[in-house]
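Each chain, written out:
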Amino acid sequence: MKFFLDTANLDELKKGASWGIVDGVTTNPTLIAKEGRPIEEHIRMICEIVDGDISAEVVSTEAGAMIAEGLELARIHKNVVVKCPLTREGIKATSALSKQGIRVNVTLCFSAGQALIAAKAGAYIISPFVGRLDDIGWNGMDLIRSITHIYKNFGFKTQVLAASLRSPTHVIDAASAGAHIGTMPFKVLDMLFNHPLTDKGLEQFLKDWNKAFAEAPVAV
Ligand code: G3P
């Protein structure tokens, strides 16, 4: 499964990228707004840190304006993937942009029906939000299982990106459910490393090594 970071924070991206396991980045208007820099400039800076799909979201709500905005965003860098919301206007824009060879990540997906519509519109990526469904007492991971199953049935090429992942368990379950990509905040990626037995085991290895070699009298 590809790992994407769901943040626009450059320090977090640099740290995540330094581990060599980050395959891409997802942003949204909230995350970009937090960084306080014009989107073109900020996305260009992200493309210099992570060499992979970088999702940048349109803020227009009418198809024509979304298409114009999407073409602008795609011109920033070859790795930019245009994000459009799963609305009727968003799907109209997705169809038009996909026909022009622009890769579109259809976001704010909360049902299998919506995911089918996006695949039929030629979406490059579909982003179902797991955590936000869990927030209202639904099982968000069931949606991932349903979408990957349906897409397999018809051989849709659209990649399933499990979004709004809130914990290491979400990441593991998304991988088990067959998601092609999992996008997560930096904190969640960082937590995935943690296991007490790894720390305890390494500590013991080094203690044994040092006991055997560090204390040995240096032969003169
Ligand atoms: O890009 C979507 C993602 O940022 C949503 O995450 O945690 O706000 O539901 P969250």
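Below, the structure is looked at part by part. (Residues numbered from 1 in each chain as written. Predicted model: local features only at pLDDT ≥ 70, side-chain atom pairs only at ≥ 80, totals over all residues. Heavy atoms only, no water.)

Under the counting rule described, the total for this entry stands at seven salt bridges. A salt bridge links Glu72 to Arg75; the nearest nitrogen and oxygen atoms lie 3.0 Å apart. Of the charged contacts in the structure, one is a salt bridge between Asp142 and Arg145, with a shortest N-O distance of 2.9 Å. You can see Asp142 and its partner Arg145 sitting in helix 8 (residues 140-154), three residues apart, about one turn around the helix. Residue Asp142 is classed as partly exposed on the basis of its relative accessible area of 40%. (Salt bridge = Lys/Arg side-chain N within 4 Å of Asp/Glu carboxyl O. Helix = DSSP H or I, 4+ residues; strand = E, 2+ residues; numbered from the N terminus. Buried < 20%, exposed > 50% of the residue type's maximum accessible area, 1.4 Å probe, protein only.)

We now examine the packing of aromatic side chains. One pass over the structure, following the stated rule, counts six aromatic pairs. For the ring pair Trp209 and Phe213, a centre distance of 4.4 Å and an interplane angle of 55 degrees mean the geometry is tilted. With Trp209 and Phe213 both in helix 11 (residues 196-214) and four residues apart, the pair spans about one turn of that helix. Geometry around Tyr124 places Arg103 over its ring, the cationic atom sitting 5.0 Å from the centre. (Phe/Tyr/Trp six-rings, centres within 6.5 Å; stacked < 30°, edge-to-face > 60°. Lys NZ or Arg CZ within 6 Å of the ring centre and 35° of its normal.)

Here we come to the site of the ligand. Surrounding the ligand, one finds Asp6, Asn28, Lys83, Phe129, Arg132, Ser164 and Arg166. A distance of 3.4 Å is found between an oxygen atom of the ligand and a side-chain nitrogen or oxygen belonging to Lys83. Of the residues belonging to the shell around the ligand, the class tally is one nonpolar, two polar and four charged. (Near = heavy atom within 4 Å. Polar contact = N/O pair within 3.5 Å; in protein donor to acceptor, adjacent residues only side chain to side chain. Nonpolar A, V, L, I, M, F, W, Y, C, P; charged D, E, K, R; others polar.)

Let us look at the side chain of Asn28. Within the secondary structure, Asn28 is located in the loop between strand 2 (24-26) and helix 2 (29-35). Taking relative accessible area as the criterion, Asn28 reaches 17% and is therefore assigned buried. In terms of polar contacts, Asn28 uses its side chain to reach the backbone amide nitrogen of Leu31, at 2.8 Å. If we skip the residues at most four places from it in the chain, Asn28 touches Glu57 and Lys83. (Contact = heavy atoms within 4.5 Å.)

Here helix 6 (residues 112-120) crosses helix 8 at 40 degrees, and the two axes come no closer than 9 Å. In terms of their interaxial angle, helix 6 and helix 8 are classed as oblique. By crossing handedness, the relation of helix 6 to helix 8 is classed as right-handed. Facing Ala112, Ala115, Leu116 and Ala119 of helix 6, the residues of helix 8 in contact are Leu143, Ser146, Ile147, Ile150 and Tyr151. Class assignment of the residues belonging to the contact of helix 6 with helix 8 gives a composition of eight nonpolar, one polar and no charged. (Axes fitted to C-alpha atoms, helices over the stretch in contact; angles between N-to-C directions. Parallel < 35°, antiparallel > 145°, perpendicular 65-115°, else oblique. Left-handed = near helix turned anticlockwise from the far one by under 90°.)

Below, the discussion takes up the state of the cysteines. Every disulfide links exactly two cysteines, by a covalent bond between their sulfur atoms. Going through the model one piece at a time under the given rule, you end up with zero disulfides. With no disulfide of its own, Cys84 lies closest to Cys109 among cysteine sulfurs, the gap being 14 Å. (Disulfide = S-S within 2.5 Å.)

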